[in-house]
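A structural walkthrough
Here is how the chains run, residue by residue.
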Amino acid sequence: MREAVLGHEEPYRQLLDEVAIALRCQIRNGLARAGRGNAETEDVVQEILIAIHIKRTTWDPTLPLKPWINAIARYKLIDCLRRQGVRQAVPIEDLAETLAAPTVESTGRSDALRLLQQLPERERNIVEGVSLQGRSIRDIAAALSLQEGTVRVALHRALKKLGSLYRQTHKEA
Amino acid sequence: MRTDHLIAALAQDARLALPWWQRPAVVLSAGAALSVAAFALVMPVRGDLLAQHAFAPTAYKWILAGGLALLGGRVALGLRQPGAKSPLLRVVAGLFAGLLLVTLAYDLAVHGSSGFFDRLFGSSAMMCLQSVGWLSLAPLAAVFLVLRAGAVTSPATAGFAAGLASAGFAAALYALKCTEDNALFVVTWYSLAAFLVGLVAMFIGRWFLRW
């Protein structure tokens, strides 16, 4: 994260990968404790990752990283549960379903793709470019004949918007 | 979208650049400056500010108000960081509350209960509440902007602390005008003003500081 704060791409990606794995367990447990299935796990994980990304300047590099991430994860999980209303009693059938549920692939509940559709076209293209197609910013800038900086700013905005779209969608759910 | 795709997108956005006008120090200074300007335009500084009989009470008001501003500000800004703890603050907050109580006790010991209500209400209690309220608006807005850029995980507490901080700042300004010099008045109305601003800020914080 120290490197990531300085803007180094590769260490940052590795860090996010590790964090995502840890979060997945944590969130699955958290949802189970609240009487939920694990269908939403990946959505919550993605929302937390975006939050970590957008708020990464609030981590003080002189402090350990883990409490910071945990605090964000807890905040976001509680936020998600509250938005959808915590189920009080859990019928046994629900539990059976949870137990029998197939192991989660790392795919969000398809929400994320729909969310992408809500971004303005240029931002959507950029996000799809760097994520689905795994292209670099320089590539995309060249393809869209834009400045690299412009693409960076657009990407940053798009990710921020994506973060707030996550919140809104779950509110309706 | 798959999570690894999302991570790829996030990693590409690793670079950071905060424009200068979004830096906390700049935002906070702007809020403070606005408040000072409003004070300078609307309110006259008390004429006897430098006279001997006015100096001690004003200094005391500054200690109270400044202490509140620093304490509240420290708590509010500290809450920008998820997971950070500072246990020392409770002690400081306790000491501060103790100072208020000691002041009240001192007032009662010196003056007894004679003229209690005269001293309590003075002649400008409402003026004090209103002025502190108005003067705290700009600093409050600034603190809220800074908090929103952070990651506040307890919005209500952060809002309350932000309210106390900006009310403290406003009270320090108002102290330059206020001619009520008895301790009972100062402790009662300055604190009440700060508490009210804090309360309003708490409710604002509950929705404005969520993310």
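These numbers come from a predicted model, not from an experiment.

1. Side note on the nonpolar core
Most often, soluble globular proteins keep nonpolar side chains buried together rather than apart. By size, the foremost hydrophobic cluster in this structure holds 51 residues, and its most contacted members are Ile-48, Leu-49 and Leu-162 of chain A. Broken down by secondary-structure element, the contributors of at least two residues to this core are helix H2 (9-33), helix H3 (41-54), helix H4 (65-84), helix H6 (111-117), helix H7 (121-130), helix H8 (137-143) and helix H9 (148-172) of chain A together with helix H1 (3-12) of chain B. A per-element tally of this core places H4 of chain A first, with 9 residues. Leave out the neighbours within four places in its chain, and Ile-48 of chain A touches Leu-23, Ile-27, Ile-72, Ala-73 and Lys-76 of chain A. In this structure, Phe-39, Phe-96, Cys-178 and Trp-189 of chain B belong to the second largest nonpolar core, which totals 34 residues.

2. Thoughts on the environment of Gly-163 of chain B
All names here are of chain B. Structurally, the position occupied by Gly-163 is in helix H8 (residues 155-174). Accessibility expressed as a relative area gives 0% for Gly-163, which makes it buried. Sequence-wise, Gly-163 and Arg-90 are 73 residues apart; in three dimensions their C-alpha atoms are separated by 18 Å. Aside from chain neighbours lying at most four places away, what touches Gly-163 is Leu-140, Val-197, Gly-198 and Ala-201.

3. Quick look at the packing of aromatic side chains
Residues and elements named next belong to chain B. Counted by the stated rule, this structure contains 9 aromatic pairs over all chains. Summarising the aromatic geometry, the rings of Phe-116 and Phe-117 are spaced 5.2 Å apart at their centres and angled 90° between planes, so their arrangement reads as edge-to-face. For Phe-116, a relative accessible area of 27% gives the class partly exposed. Relative to Phe-208, the ring of Trp-207 has its centre 5.8 Å away and its plane inclined at 90°; by these criteria the two rings are edge-to-face. Judged by its relative accessible area of 61%, Trp-207 falls in the exposed class. Pairwise contacts between aromatic rings join Phe-116, Phe-117, Phe-121, Phe-185 and Trp-189 into one cluster. The ring of Phe-208 carries Arg-148 above its face, with NZ or CZ at 4.6 Å from the centroid.

4. Structural notes on a nonpolar patch on the surface
Residues and elements named next belong to chain B. A contiguous nonpolar surface patch, about 400 Å² in accessible area, is contributed by Leu-88, Val-91, Val-92 and Leu-95. Its location among the elements puts Val-91 in helix H4 (residues 88-111). Owing to a relative accessible area of 49%, Val-91 belongs among the partly exposed residues under this scheme.

5. Details of the interface of chain A and chain B
With 49 residues of chain A at the interface, the matching set in chain B holds 30 residues. Between chain A and chain B lies a buried interface of about 3,500 Å² when both sides are counted; carbon and sulfur atoms form 61% of it. For the pair chain A and chain B, the interface holds 1 salt bridge. The partner of Arg-210 of chain B in a salt bridge is Asp-79 of chain A, with the nearest N and O atoms 2.4 Å apart. Where chain A meets chain B, there are 7 residue pairs in polar contact (both at pLDDT 80 or more). At the level of secondary structure, the elements contributing two or more residues to the side of chain A that touches chain B comprise helix H1 (2-5), H2, H3, H4, H6 and H9 of chain A. Residue contributions to the side of chain A that touches chain B peak at 8 residues, all from H4 of chain A. Its residues placed into classes, the side of chain A that touches chain B shows 23 nonpolar, 12 polar and 14 charged.

6. Let's talk about the confidence of the model for chain B
Confidence in the prediction for chain B averages 89 pLDDT; 99% of positions are at 70 or higher. The ipTM value of the predicted complex is 0.76, and its pTM value is 0.81.

7. Considering the packing of H2 of chain A against H1 of chain B
Following both chains from N to C, one finds H2 of chain A and H1 of chain B inclined at 145°, their axes separated by 9 Å at the closest point. Considering how the two elements wind past one another, H2 of chain A and H1 of chain B form a crossing that is right-handed. Two secondary-structure elements touch here, H2 of chain A through Glu-9, Tyr-12, Arg-13, Leu-16, Asp-17, Ala-20 and Arg-24 of chain A and H1 of chain B through Thr-3, Ile-7, Ala-8, Leu-10, Ala-11 and Gln-12 of chain B. Counted by class, the contact of H2 of chain A with H1 of chain B contains 7 nonpolar, 2 polar and 4 charged residues.

Conventions used here
Along each chain, residue indices are assigned from 1 in the same order as the chain's sequence is written. The order in which chains are written sets their letters, starting at A; the order in which ligands are written sets their numbers, starting at 1. In keeping with the model being predicted, local features are shown solely for residues with a pLDDT of at least 70 and side-chain atom pairs are shown and tallied solely at 80 or more, while totals for entire chains, interfaces and linings include all residues. Computation of side-chain values covers all heavy atoms of the structure but excludes hydrogens and water. What we call a nonpolar core is a set of buried Ala, Val, Leu, Ile, Met, Phe, Trp, Tyr and Cys residues that are connected through their side-chain atoms within 4.5 Å. For the exposure calls, accessible area comes from a 1.4 Å probe over protein chains only, and a residue counts as buried if that area is under 20% of its type's maximum, exposed if over 50%, partly exposed in between. Strands are runs of DSSP state E lasting at least two residues, helices are runs of H or I lasting at least four, and both sets are numbered from the N terminus onward. Contact criterion: two residues are considered in contact whenever any of their non-hydrogen atoms come within 4.5 Å of each other. Stacked, edge-to-face and tilted are the three classes for Phe, Tyr and Trp ring pairs, Trp counted by its six-membered ring, which pair at centre distances within 6.5 Å; planes under 30 degrees apart are stacked, over 60 edge-to-face, the rest tilted. In this scheme, Lys NZ or Arg CZ marks a charge over a ring once it lies within 6 Å of the ring centre and within 35 degrees of the ring normal. Patch rule: a residue counts if its relative accessible area is over 30% and it has no salt bridge; like charges are joined within 9 Å, and nonpolar side chains (Val, Leu, Ile, Met, Phe, Trp, Tyr) within 5 Å. To be clear on the numbers: accessible area is Shrake-Rupley with a 1.4 Å probe, and residue cover counts the displayed protein chains and nothing else. Throughout this description, the term salt bridge denotes a Lys or Arg side-chain nitrogen within 4 Å of a carboxyl oxygen of Asp or Glu. Joining two parts hides part of their accessible area as seen by a 1.4 Å probe, and the buried area is that hidden amount summed over both. What qualifies as a polar contact is a pair of N or O atoms within 3.5 Å, subject to a donor-acceptor requirement within protein and to the restriction that residues adjacent in sequence count only when both atoms come from side chains. When residues are grouped by polarity, Ala, Val, Leu, Ile, Met, Phe, Trp, Tyr, Cys and Pro land in nonpolar, Asp, Glu, Lys and Arg in charged, and all others, Gly among them, in polar. A score between 0 and 100, pLDDT records how confident the predictor is in each residue. A fitted line through C-alpha atoms represents every axis, and for helices the fit uses only the stretch in contact; the resulting angles, taken between N-to-C directions, go from 0 to 180 degrees. Helix crossings fall into two classes, left-handed where the near helix is turned counterclockwise from the far one by less than a right angle and right-handed where it is turned clockwise.

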